[in-house]
Amino acid sequence: MKSHEEAKAYIVGAGIASLSAAVLLIRDGGFRGSNIRIMEELEVAGGALDGSGDPVKGYVTRGGRMWTEEAYVCLWDVLDTIPTLADPAKSVKDDVWAFNKAWHSNSHARFLLLVSAADPLTFLVVPVLLALVAPWACYVPARRAMRVDPMVALRQD
Ligand SMILES: Cc1cc2nc3c(=O)[nH]c(=O)nc-3n(C[C@H](O)[C@H](O)[C@H](O)COP(=O)(O)OP(=O)(O)OC[C@H]3O[C@@H](n4cnc5c(N)ncnc54)[C@H](O)[C@@H]3O)c2cc1C
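Everything numeric here is computed off the predicted structure, so don't read it as measured data. By convention here, each chain's residues receive numbers from 1 onward along its written sequence. Owing to the predicted nature of the model, reporting of local features is limited to residues with pLDDT of at least 70; listing and counting of side-chain atom pairs is limited to 80 or more, with chain, interface and lining totals taken over all residues.

Before going further, it helps to spend a moment on the overall build of the protein chain. Looking only at helices and strands, the protein chain has five helices and four strands in total. N-terminal to C-terminal, the α/β element order of the protein chain is β-α-β-β-β-α-α-α-α. Against the compact-globule benchmark of 15 Å for 157 residues, the protein chain has a radius of gyration of 25 Å, which places it well outside the compact range. Considered along the principal axes of its C-alpha atoms, the protein chain spans approximately 65 × 50 × 30 Å. In this scheme every C-beta is placed from the backbone, and a residue whose C-beta has 20 or more other C-beta atoms within 10 Å is buried, one with 12 or fewer is exposed, and one in between is partly exposed. Burial status across the protein chain gives 5% buried among its 157 residues. We call two residues in contact when their backbone-placed C-beta atoms lie within 7 Å. For the protein chain, the proportion of contacts with a sequence separation of at least 24, taken over those separated by at least 6, is 49%. Only runs of H or I of at least four residues qualify as helices and only runs of E of at least two qualify as strands under DSSP, and these elements are numbered from the N terminus. When we talk radius of gyration, it's over C-alpha atoms, and the globule rule is simply 2.2 Å times the number of residues to the 0.38.

Here's what the structure looks like:
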């Protein structure tokens, strides 16, 4: 692949997508790290991933996150090329996978907590609720639309 050592990249936002893009630009695109600018409006990097920390001490993910091994193939590929701060021979992916092995997560789907997959009450209440709400969700906007003069609507387009 052609080297882009002199090329510059400007990335808006410092969420995981932008940080991954920067890694891939360096690793696969041959960009120099110093030629990549990431512009973030917040004071912390990480975006919705709740990043907290700094480049020296490292970052932690504050919220609960599901980082399963069978999913997130692209993210694991990126993290596999980033050395950990504690041991440069070990990748961040190795570190997280070792953590996953040591600490089994037991995350239930939040809406289904304490509810069985064939819960009769849920199967009864949800269709009834939908049957009540759906006609109103159609009727109210339809009534409003009918009040508009067709000529006015045509001229708007
Ligand atoms: C509570 C919660 C739990 C979640 N749990 C999981 C989970 O378990 N597993 C999972 O895979 N995903 C989970 N997600 C989703 C995952 O965190 C997000 O999909 C992912 O972090 C999005 O990353 P991103 O880089 O695409 O966008 P973002 O993280 O939204 O990053 C965008 C960044 O761009 C910045 N920005 C935007 N506009 C500008 C601008 N004009 N100038 C400068 N900066 C700008 C923003 O401030 C932000 O920092 C969860 C999300 C939340 C909120």
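More follows now that the structure is in view.
We now examine the site of the ligand. Using a C-beta atom placed from the backbone, a residue is scored as near a molecule or strand whenever that atom is within 6 Å of it. In the vicinity of the ligand, 17 residues are found, and the nearest of them are Gly13, Gly15, Ala17, Gly47 and Ala48. It is helix H1 (residues 16–27) that provides the largest number of residues to the shell around the ligand, a total of three residues. Classification convention: Asp, Glu, Lys, Arg as charged; Ala, Val, Leu, Ile, Met, Phe, Trp, Tyr, Cys, Pro as nonpolar; all other residues, Gly among them, as polar. Residues that form the shell around the ligand fall into these classes: nine nonpolar, five polar and three charged.

How far each domain reaches was decided by an automatic or database domain assignment. Splitting the protein chain by domain gives domain 1 (1–65), domain 2 (68–107) and domain 3 (116–156). Here the C-alpha centre of domain 3 lies 43 Å away from the C-alpha centre of domain 1.

Unlike most non-glycine residues, Tyr72 shows phi in positive territory, near 55 degrees. Relative to the helices and strands, Tyr72 resides in the loop between strand S4 (58–61) and helix H2 (73–79). Classification of Tyr72 by C-beta neighbours within 10 Å gives partly exposed; the count is 14.

What follows concerns the pairing of S4. At least two DSSP bridges between two strands are required for those strands to pair. Bridging between strand S3 (residues 51–54) and S4 involves four bridges; their strand directions are antiparallel. Of the residues in S4, the one forming a bridge with Gly51 is Thr61.

This next bit is on the environment of Ser18. By the element assignment, Ser18 lies in helix H1. The class for Ser18 is partly exposed, based on 18 C-beta atoms found within 10 Å. Sequence separation between Ser18 and Glu70 is 52 residues, and the spatial gap between their C-alpha atoms is 23 Å. Non-local contacts of Ser18, meaning those with residues more than four positions away in its chain, are made with Ile11, Gly13 and Ile38.

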